[in-house]
Amino acid sequence: MKVTMRVNGTERSGDVEPRVLLVDFLRTNLTLTGTHIGCDTTSCGACTVLLDGEPVKSCTLLAVQVDGRDIKTVEGLAAHGAKLSPIQVGFHEEHGLQCGFCTPGMMLVGSALLERNPNPTDDEIRWAISGNICRCTGYMNIVKAIQHAAQSQSEAAKGMGAKQAAMAGGTE
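This text gives an overview of the structure that appears in the document. (Residues numbered from 1 in each chain as written. Predicted model: local features only at pLDDT ≥ 70, side-chain atom pairs only at ≥ 80, totals over all residues. Heavy atoms only, no water.)

What follows concerns the overall build of the chain. Across its full length, the chain holds five helices and five strands. Put simply, the chain runs from its N terminus to its C terminus through helices and strands in the order β-β-α-β-β-β-α-α-α-α. Reported as C-alpha extents along the three principal axes, the dimensions of the chain are approximately 60 × 40 × 25 Å. Of all 172 residues assigned to the chain, the portion counted as buried reaches 40%. Restricting to contacts in the chain with at least 6 residues of sequence separation, those with at least 24 account for 56%. Surface summary for the chain: the accessible area is close to 9500 Å², and the carbon and sulfur share equals 52%. Here the chain carries 15 positive and 18 negative side-chain charges, and the mean point of each set is 2 Å from the other. (Helix = DSSP H or I, 4+ residues; strand = E, 2+ residues; numbered from the N terminus. Buried < 20%, exposed > 50% of the residue type's maximum accessible area, 1.4 Å probe, protein only. Contact = heavy atoms within 4.5 Å. Areas by Shrake-Rupley, 256 points an atom, 1.4 Å probe, with all protein chains shown as cover. Lys, Arg positive; Asp, Glu negative; His and termini not counted. Charge placed at Lys NZ, Arg CZ, Asp CG, Glu CD.)

Structure follows, in structure tokens:
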């Protein structure tokens, strides 16, 4: 079957057998290897991607199920590859990773959370990442990384608001 989806903002197509998992399509057909294969049972979250903005486990979705939909992988977090996204900076600054195996899924879940809730509590972050397993960090630095991203986005929004206000004030 031919499938077409928008992956990281670009329309991508491929011929697949109906039983091909989304994670395999992304890794093999599109060579987007940031999406990891962990448990194949939705238990670990290593394969998490965003489907129409919502976190999903790509190890139990068929590629044909996402035909015509939007997918974001970890490779799509940075805007046009120019700079790191706030969530990526947060994971770097707060040491939110050790081995890195869970990191793509954690960053995508964190990114989706911040889209819905730009100022989450620690408990809200812990609930959001509860479907993703990390065997290295104890989660504390992952929570700090998502909080860092939230604060960074908030400061950027305030800066944009101040800039717009200054521009508006200068034109009157």
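Now for the sheet that holds strand S5 (residues 70-72). Taken in spatial order, the five strands of this open sheet run S2-S1-S5-S3-S4, and their pairing is mixed. At either end of the open sheet lies a strand with only one pairing partner, and these are strand S2 (10-15) and strand S4 (54-57). Across the sheet, the mean angle from the axis of one strand to that of its neighbour is 40°, orientation sign disregarded. Relative to S4, strand S3 (residues 48-51) runs antiparallel, the two sharing four bridges. By the bridge assignment, Leu50 is partnered in S4 with Pro55. The sheet strands contacting helix H3 (residues 103-116) are S3, S4 and S5, and the helix crosses S3 at an angle near 35°. (Pairing = 2+ DSSP bridges. Axes fitted to C-alpha atoms, helices over the stretch in contact; angles between N-to-C directions.)

For the rest of this paragraph, the subject is the side chain of Thr35. Turning to its location among the elements, Thr35 is positioned in the loop between helix H1 (22-29) and S3. Residues contacting Thr35, with those up to four places away along its chain left out, are Val23, Leu26, Arg27, Ala46, Cys47, Val49, Ser58, Thr73 and Glu75.

Attention now goes to H3. Between its first and last C-alpha atoms H3 spans 20 Å; for 14 residues at 1.5 Å apiece the expected length is 20 Å, and the two agree. Among the 14 residues in H3, 12 count as buried, and that is most of the element. Residues of H3 that are buried include every one of Thr103, Pro104, Gly105, Met106, Met107, Leu108, Val109, Gly110, Ser111, Ala112, Leu113 and Leu114, and no others. (Expected span 1.5 Å × (residues − 1).)

This structure, assessed with the given rule, holds three salt bridges. Across the pair Arg19 and Glu17 runs a salt bridge whose closest N-O atoms are separated by 3.0 Å. With its nearest N and O atoms 2.6 Å apart, the salt bridge here joins Asp52 to Arg69. Of this pair, Asp52 sits in the loop between S3 and S4 while Arg69 sits in the loop between S4 and S5, placing them 17 residues apart in sequence. When its relative accessible area of 32% is taken as the criterion, Arg69 is described as partly exposed. (Salt bridge = Lys/Arg side-chain N within 4 Å of Asp/Glu carboxyl O.)

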